[in-house]
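One letter stands for each residue in the lines below.
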Amino acid sequence: MHVEALCAYHGINVRRRRKGLAVYATRTVYVRPVRSEVTYAEALHEIGHLLGAWQDAGIIVAECGAWLWAMRNALEWTPAMDRAMARWLATYVETQDEHPPGDGVPARGHPAWKVLSKAGAKPPRRRRTDLPPERLPLAASDARAAPRRRPPR
């Protein structure tokens, strides 16, 4: 009933569908019937795609914004809901290399890391920009002649 009340209050249409989807143009969410805490979290997440922060950002950041909205607006957020969110977010983080660069993992310090850290993701390490790029040898014979550099500590 909470999902229906939220949708009515915000003028969002609710349709039934096996996989969740939010369509901004028609203000419609497609969700499974809410029968458990996990389907409740999923429904809130889809509403979060319409009402949450960062929805105009890359895919991973938009997903974090929708999950953050869901966590903040749930009547109760349980460990089962947390595990389901982490599992779904992990699929985006694991496949980040398949997305265009703008859809990737957010920069270090972005608030989305509060959500991403629950999926086991870690912020990217800072690169040292004061070191010259290392040149790779052109052939195996060049590798023996190349001086070896110690890695920075």
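Residues numbered from 1 in each chain as written. Predicted model: local features only at pLDDT ≥ 70, side-chain atom pairs only at ≥ 80, totals over all residues. Heavy atoms only, no water.

Of all hydrophobic cores here, the largest spans 29 residues; its most connected members are Leu-44, Ile-47, Val-115 and Leu-116. Broken down by secondary-structure element, the contributors of at least two residues to this core are α1 (2-10), β3 (28-31), α2 (37-51), α3 (59-73), α4 (79-94) and α5 (113-116). Sort the elements by how many residues they give to this core and α3 lands first, with seven residues. With residues near it in sequence (within four places) discarded, Ile-47 still touches Val-3, Leu-6, Cys-7, Ile-12, Val-29 and Trp-69. (Core = buried A, V, L, I, M, F, W, Y, C linked by side-chain atoms within 4.5 Å. Buried < 20%, exposed > 50% of the residue type's maximum accessible area, 1.4 Å probe, protein only. Helix = DSSP H or I, 4+ residues; strand = E, 2+ residues; numbered from the N terminus. Contact = heavy atoms within 4.5 Å.)

Where α1 meets α2, the closest approach of the two axes is 10 Å, and the angle between their N-to-C directions is 15°. For the element pair α1 / α2, the angle class is roughly parallel. Crossing angle aside, the handedness with which α1 passes α2 is left-handed. Contacts from His-2, Val-3, Leu-6, Cys-7 and His-10 of α1 reach α2 at Tyr-40, Ala-43, Leu-44, Ile-47 and Leu-51. Grouping the amino acids of the contact of α1 with α2 by side-chain chemistry returns eight nonpolar, two polar and no charged. (Axes fitted to C-alpha atoms, helices over the stretch in contact; angles between N-to-C directions. Parallel < 35°, antiparallel > 145°, perpendicular 65-115°, else oblique. Left-handed = near helix turned anticlockwise from the far one by under 90°. Nonpolar A, V, L, I, M, F, W, Y, C, P; charged D, E, K, R; others polar.)

This paragraph deals with the side chain of Thr-28. Here Thr-28 lies in strand β3. Here Thr-26 takes part through its side chain, which lies 3.0 Å from a polar atom of the side chain of Thr-28. (Polar contact = N/O pair within 3.5 Å; in protein donor to acceptor, adjacent residues only side chain to side chain.)

Now for the sheet that holds strand β2 (residues 21-23). Read from one edge of the open sheet, three strands run β1-β3-β2, paired in mixed fashion. A strand with exactly one partner marks an edge of an open sheet, and here the two such strands are β1 (13-16) and β2. Across this sheet, the average inter-strand angle for adjacent strands is 20°, counted without regard to direction. Bridging between β2 and β3 involves three bridges; their strand directions are antiparallel. The partner of Ala-22 across the bridge, within β3, is Val-29. Contacting β2 and β3, α2 runs over the sheet at an angle of about 160° to β3. (Pairing = 2+ DSSP bridges.)

Looking at chain direction, β1 and β3 are connected through four bridges and run parallel. The partner of Asn-13 across the bridge, within β3, is Thr-28. As consecutive antiparallel partners, β2 and β3 are separated by four residues, and within that stretch Arg-27 has a phi angle of approximately 50°, a positive value.

On to the confidence of the model for the protein chain, then. Looking at the protein chain as a whole, its pLDDT mean stands at 80, while 76% of the residues score no less than 70. Every residue in residues 133-146 scores below 50 in pLDDT, and together they form three contacts with partners more than four places removed in sequence or on other chains. (pLDDT = per-residue confidence, 0-100.)

Opposite charge on two side chains makes pairing possible when the charged atoms of those side chains draw close. Going through the model one piece at a time under the given rule, you end up with two salt bridges. When the shortest N-O distance is used, the salt bridge between Glu-4 and Arg-16 registers 3.9 Å. Taken together, the residues span a long stretch of sequence, with Glu-4 in helix α1 and Arg-16 in strand β1 at a distance of twelve residues. One salt bridge in this structure joins Glu-42 and Arg-32, with 2.7 Å as the shortest N-O distance. Residue Glu-42 is found in helix α2, and its partner Arg-32 is found in the loop between β3 and α2; the two are separated by ten residues along the sequence. In this structure Glu-42 comes out as buried when scored by relative accessible area, which is 9%. For Arg-32, a relative accessible area of 32% translates into the label partly exposed. (Salt bridge = Lys/Arg side-chain N within 4 Å of Asp/Glu carboxyl O.)

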